[in-house]
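Here is what each chain is made of, one letter per residue.
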Amino acid sequence: MDWKLEVVTVPVSDVDRAKTFYVDQAGFNADYDERPMEGIRFVQLTPPGSGCSIAIGEGLTEAPPGTAAELMLVVSDIQAAHSQLKDKGVDVSDVEIQDWGQFVYFSDPDGNKWAVQQLPPRETSS
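Quantities reported herein were computed from a predicted structural model and do not represent experimental measurements.

About the cut-offs
Residues numbered from 1 in each chain as written. Predicted model: local features only at pLDDT ≥ 70, side-chain atom pairs only at ≥ 80, totals over all residues. Heavy atoms only, no water. Pairing = 2+ DSSP bridges. Helix = DSSP H or I, 4+ residues; strand = E, 2+ residues; numbered from the N terminus. Axes fitted to C-alpha atoms, helices over the stretch in contact; angles between N-to-C directions. Contact = heavy atoms within 4.5 Å. Polar contact = N/O pair within 3.5 Å; in protein donor to acceptor, adjacent residues only side chain to side chain. Buried < 20%, exposed > 50% of the residue type's maximum accessible area, 1.4 Å probe, protein only.

Novice: Mind laying out the sheet that holds strand 1 (residues 7-9), listing which residues take part and the relevant values?
Specialist: The mixed open sheet is built from four strands, whose spatial order is 1-4-3-2. In the strand order of this sheet, the two ends are held by strand 1 and strand 2 (29-37), each with one partner. Neighbour-to-neighbour, the strand axes of this sheet turn through a mean angle of 25 degrees, independent of strand direction. In terms of strand pairing, strand 1 meets strand 4 (residues 53-58) through three bridges, oriented parallel. The residue bridging Thr9 from the neighbouring strand is Ala55, located in strand 4. Here helix 1 (residues 15-25) sits on the sheet and contacts strand 2, strand 3 (40-46) and strand 4; the angle it forms with strand 3, its principal contact strand, is near 10 degrees.

Here it is in structure tokens:
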């Protein structure tokens, strides 16, 4: 049996502002935006190619806005990811090169922190 992490809740103060940021600037896909019952708005957004989405909305979490643990995306080309974010107006860090990968960092309008990583090449055995 597979156990898949498929949705992570990200606490935000303004759902529409956050949705606009994630879709128009960060490039996430808008999968779902409904009010299944009184007091609940469930918005599901997925980074391109990801098997895991984020959920923002109303009545989903008691966590204060901006308190999501640092979330990480993994890409194959950190320079392209940096350019895409910067070109869409995201306040993104310069590329940092570490032994365990190359990274850029950004935050959503509420201060939820994101890291984008390009993994280092893996050694192959002969």
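Novice: Requested: an account of the side chain of Thr46, with residues and values cited.
Specialist: Within the secondary structure layout, Thr46 lies in strand 3. A polar atom in the side chain of Thr46 sits 2.3 Å from the side chain of Asp31. Residues within four places of Thr46 in sequence aside, it is in contact with Phe28, Asn29, Asp31, Cys52 and Ser53.

Novice: Could you give me a rundown of the sheet that holds strand 6 (residues 96-98), with the residues and numbers involved?
Specialist: Spatially, the four strands line up as an open sheet ordered 5-8-7-6, and their pairing is mixed. The open sheet has two edge strands with one neighbour each: strand 5 (71-75) and strand 6. With strand direction ignored, the average angle separating the axes of adjacent strands in the sheet is 30 degrees. With five bridges joining them, strand 5 and strand 8 (residues 113-118) adopt parallel strand pairing. Paired with Met72 across the bridge in strand 8 is Ala115.

Novice: Outline the side chain of His82, supporting the account with residue identities and numerical values.
Specialist: One can find His82 in helix 2 (residues 78-87). Residue classification places His82 among the buried residues on the basis of a relative accessible area of 11%. Look past the residues within four positions of His82 in its chain and what remains in contact with it is Val92, Ser93, Asp94, Val95 and Val104.

Novice: Explain the pairing of strand 4 to me, using residue names and the numbers behind them.
Specialist: Counting buried residues along strand 4, five of its six residues qualify, which places the element largely inside the surrounding structure. By the bridge criterion, five bridges tie strand 3 to strand 4 in an arrangement that is antiparallel. For Phe42, the partnering residue across the bridge sits in strand 4 and is Gly57. If you look at the hairpin formed by strand 3 and strand 4, you'll find six residues sitting between the two strands, and Gly49 has a positive phi there, around 80 degrees.

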